[in-house]
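Chain by chain, the residues:
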Amino acid sequence: MARKKKTVDLDRDNDIAPGLVAKTKKRLVVASGRSHPALSADVASSLGTELVPTEYRTFASGEILTRFEVSIRGCDFFLIQSFGPPVNEWLMETLIMLDAAKRASAKRITVVAPYYPYSRQDKKGRGREPISARLVADLLRTAGADRVMSVDLHAAQIQGFFDGPVDHLFAKPVLLEYFERTLTGEDRARLTVVSPDTGRVRVADTWSDSLGAPLAIIHKRRDPNVANQVTVNEIVGAVSGRVCLLVDDMIDTGGTIVKAAEALKANGAERVIVAATHAIFSDPAVQRLQSAAIDEVVVTDTVPIPDEKRFPSLTILPIAPLLARAIHEVFEDGSVTSMFDGAA
């Protein structure tokens, strides 16, 4: 039996056009790329749903094909893809999945990229360099993304690269809850929050306020011609006899963090704890982070951390509940900002 449709007549006085009215219901759909399936499954579970059945193929030539095995027409589509290594393969897969979702008539498409690729290339450091973070934003938009969601962007200005809404989430509540639960009263009394460089001072300052601890800053210098080479020049702030909490957005090769930790210990720090959102852990990070200068490393699982990159002093916190809550707020037209006391 055909469903009877409600009609609306032309009403010039009230400026209403004639047409049909259908009672539609919003539908949230979560799909995953292949970069971090465990995280995607945890997010879907936190939302009370499951991932869209998807076919993935990588041909002998290296070309990628994806196909959604069920209809996603008219849905609010969230594609979760984290960009650990190999970043370029996952980026291409994301673009292909976006094109597939667009051609499958998804109503609104959101890319959930817990770690945003090429985020460190957010400006021109020297002449004739690219701004690759902007290029990635353009690629996502062109492929079909209406919205982007990410955690702890390396530079807040990346939000302006995407021509559409960007939800910039912060892992601080997840990390902060861990430290509030595990640090003893004695640790809290001797705690100093440390920024590993001047670029992270604003973030470290918010940590200082939240924990009621003083702030110290490490001044470092990079060689612009040599990647991942760091020299620590001096420490601003008192660290002798203190429990130092080093906060950063990511750990790649670990050079910055280890140099900072060594400088803190050399200046009398009693313990050094490292807190970071993105555990990239490119070689030789795992070896470096097991340095005697570092007592504990605490990260989230925004990128996959295989067994060979785990070590005894590493603590991994789940980011899925935070992502799920943000996705729910976007879907329900709620407030993502309210999740972070107005800071997002």
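Residues numbered from 1 in each chain as written. Predicted model: local features only at pLDDT ≥ 70, side-chain atom pairs only at ≥ 80, totals over all residues. Heavy atoms only, no water.

**Regarding the overall build of the chain**
When its secondary structure is counted, the chain shows nine helices and 16 strands. Residues classed as buried in the chain amount to 47% of the 344 residues present. In the chain, the proportion of contacts linking residues at least 24 apart, taken out of those at least 6 apart, comes to 60%. Of the roughly 17300 Å² that the chain leaves accessible, carbon and sulfur atoms contribute 49%. (Helix = DSSP H or I, 4+ residues; strand = E, 2+ residues; numbered from the N terminus. Buried < 20%, exposed > 50% of the residue type's maximum accessible area, 1.4 Å probe, protein only. Contact = heavy atoms within 4.5 Å. Areas by Shrake-Rupley, 256 points an atom, 1.4 Å probe, with all protein chains shown as cover.)

**A closer look at the packing of aromatic side chains**
For the structure on display, the rule yields five aromatic pairs. When the ring of Phe179 is compared with that of Trp207, the centres are 6.1 Å apart and the planes differ by 70 degrees; the resulting orientation is edge-to-face. One end of the pair, Phe179, is in helix H4 (residues 172-182); the other, Trp207, is in helix H6 (residues 201-211), and 28 residues separate them in sequence. Looking at Phe179, the relative accessible area reads 1%, which means it is buried. The class of Trp207 is buried, set by a relative accessible area of 3%. Taking 6.2 Å as the distance between ring centres and 40 degrees as the angle between the ring planes, the aromatic pair formed by Phe281 and Phe311 counts as tilted. With Phe281 in the loop between strand S14 (271-279) and helix H8 (285-289) and Phe311 in the loop between strand S15 (296-300) and strand S16 (314-317), this residue pair connects regions lying 30 residues apart in the sequence. No difference in accessibility class separates Phe281 from Phe311, as the two residues are buried. It is Lys26 that lies over the ring of Phe331; its NZ or CZ is 4.7 Å from the centre. (Phe/Tyr/Trp six-rings, centres within 6.5 Å; stacked < 30°, edge-to-face > 60°. Lys NZ or Arg CZ within 6 Å of the ring centre and 35° of its normal.)

**With respect to the packing of helix H2 (residues 87-103) against helix H3 (residues 132-143)**
Axis separation between H2 and H3 bottoms out at 8 Å; the angle between their running directions is 25 degrees. When the axes of H2 and H3 are compared, the pair comes out roughly parallel. From H2, Leu91, Thr94, Leu95, Leu98, Asp99 and Lys102 reach across to H3, where they touch Val136, Leu139, Leu140, Thr142 and Ala143. Broken down by class, the residue content of the contact of H2 with H3 amounts to seven nonpolar, two polar and two charged. (Axes fitted to C-alpha atoms, helices over the stretch in contact; angles between N-to-C directions. Parallel < 35°, antiparallel > 145°, perpendicular 65-115°, else oblique. Nonpolar A, V, L, I, M, F, W, Y, C, P; charged D, E, K, R; others polar.)

**A short note on H4**
An α-helical segment advances 3.6 residues per turn. Residues three or four places apart therefore align on the same side. Those residues of H4 lying buried are Lys172, Val174, Leu175, Leu176, Tyr178 and Phe179. The secondary structure elements touched by the buried residues of H4 are H6, strand S13 (243-251), S14, S15, S16 and helix H9 (320-331).

**Here we look at the side chain of His168**
For His168, the position within the fold is in strand S9 (residues 166-169). At a separation of 2.8 Å, a polar atom in the side chain of His168 contacts the main-chain amide nitrogen of Leu153. (Polar contact = N/O pair within 3.5 Å; in protein donor to acceptor, adjacent residues only side chain to side chain.)

**Examining unusual backbone geometry**
Backbone torsion omega between Pro85 and Pro86 reads -5 degrees, so that peptide bond is classified as cis. The topology assignment puts Pro86 in the loop between strand S6 (76-80) and H2. Even without glycine at this site, Arg128 takes up a positive phi of about 65 degrees. Locating Arg128 in the fold gives a position in the loop between strand S7 (108-113) and H3. The phi dihedral of Phe281 is positive, around 55 degrees, even though this residue is not glycine. A relative accessible area of 0% means that Phe281 is categorised as buried.

**Concerning the packing of H4 against H6**
Following both chains from N to C, one finds H4 and H6 inclined at 40 degrees, their axes separated by 12 Å at the closest point. Classified by the angle between their axes, H4 and H6 sit oblique to one another. Crossing of H4 over H6 shows right-handed handedness. Counted together, Lys172, Leu175, Leu176, Phe179 and Glu180 of H4 and Thr206, Trp207, Ser210 and Leu211 of H6 form the full contact between these two elements. Per-class residue counts for the contact of H4 with H6 are five nonpolar, two polar and two charged. (Left-handed = near helix turned anticlockwise from the far one by under 90°.)

**Re the pairing of strand S3 (residues 28-32)**
Burial within S3 is extensive, with four of its five residues counted as buried. Taken together, the five bridges between S3 and S6 define a ladder with parallel strand orientation. Looking at S6, one finds that Val30 is bridged to Phe78. (Pairing = 2+ DSSP bridges.)

Treat this as a map of the structure, not an account of what it does.
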